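Structural overview
The lines below spell out each chain.
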Amino acid sequence: MNMNTSQVIAKRQSILLDLSNKCTLECPVCTRARFKEDNIPIPGHTMTLEEFEKITNYFHHIIFCGQLSDPVLHPHFIDFLIQLAISSIDFIAGPSELP
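About the thresholds
- Residues numbered from 1 in each chain as written.
- Predicted model: local features only at pLDDT ≥ 70, side-chain atom pairs only at ≥ 80, totals over all residues.
- Heavy atoms only, no water.
- Helix = DSSP H or I, 4+ residues; strand = E, 2+ residues; numbered from the N terminus.
- Buried < 20%, exposed > 50% of the residue type's maximum accessible area, 1.4 Å probe, protein only.
- Contact = heavy atoms within 4.5 Å.
- Areas by Shrake-Rupley, 256 points an atom, 1.4 Å probe, with all protein chains shown as cover.
- Phe/Tyr/Trp six-rings, centres within 6.5 Å; stacked < 30°, edge-to-face > 60°.
- Pairing = 2+ DSSP bridges.
- Axes fitted to C-alpha atoms, helices over the stretch in contact; angles between N-to-C directions.

1. Some points on the overall build of the chain
Each helix and strand in the chain was counted, giving four helices and three strands. Going through the 99 residues of the chain one by one, you find that 23% of them count as buried. Pairs at least 24 apart in sequence give 78% of the contacts found in the chain among residues at least 6 apart. Taken as a whole, the chain presents about 7000 Å² of accessible surface, with 56% of it coming from carbon and sulfur.

2. Overview of the packing of aromatic side chains
Taken as a whole, this structure holds four aromatic pairs when the rule is applied. Note on phenylalanine 52 and phenylalanine 80: the rings are 4.2 Å apart at their centroids and 25° apart in plane angle, and the pair reads as stacked. Of this pair, phenylalanine 52 sits in helix H3 (residues 49–56) while phenylalanine 80 sits in helix H4 (residues 77–87), placing them 28 residues apart in sequence. Per residue, the accessibility class of phenylalanine 52 equals that of phenylalanine 80, and both read buried. Taken together, Phe52, Phe64, Phe77, Phe80 and Phe91 form an aromatic cluster joined through their ring pairs.

3. Comments concerning the sheet that holds strand E2 (residues 61–64)
Pairing is parallel across the open sheet formed by three strands, whose spatial order is E1-E2-E3. The outermost strands of the open sheet, each flanked by one partner alone, are strand E1 (14–17) and strand E3 (90–93). Each neighbouring strand pair of the sheet contributes to a mean axis angle of 15°, computed without reference to strand direction. Sheet contacts for H3: E1 and E2; angle to E2, the most-contacted strand, approximately 135°.

In C-alpha cells:
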C-alpha cells in the first residue's frame, strides 16, 4: 500500500524536536563537537511560534530532544509549553545545565 506524505504524518504520534541551534554545553560526544572541530556552522534556526503551532496540529507527543540544542535556551520555550498544555499534548524535555 502506497501512502502519501499526509497519510504518513497522520499515522505518527510523536516527534523529536530541536527548537533552535543554541546550546551552552560542550559535551564531547555531542554532534555539535564534530561540527565545531570541522569549523562547520551548527545547522538549524530558531523555531517560530507559528512553526511550532503547525507541528502541534499533527503530533500528540513532543520530545524536545536536544540533539543540537538545549530547548530551555529558546526565547519562547515557556510559550511553547503553554501551547502544549492548552492543546493537551504530552512532552518530554531533556535535561539542561545552564552556565
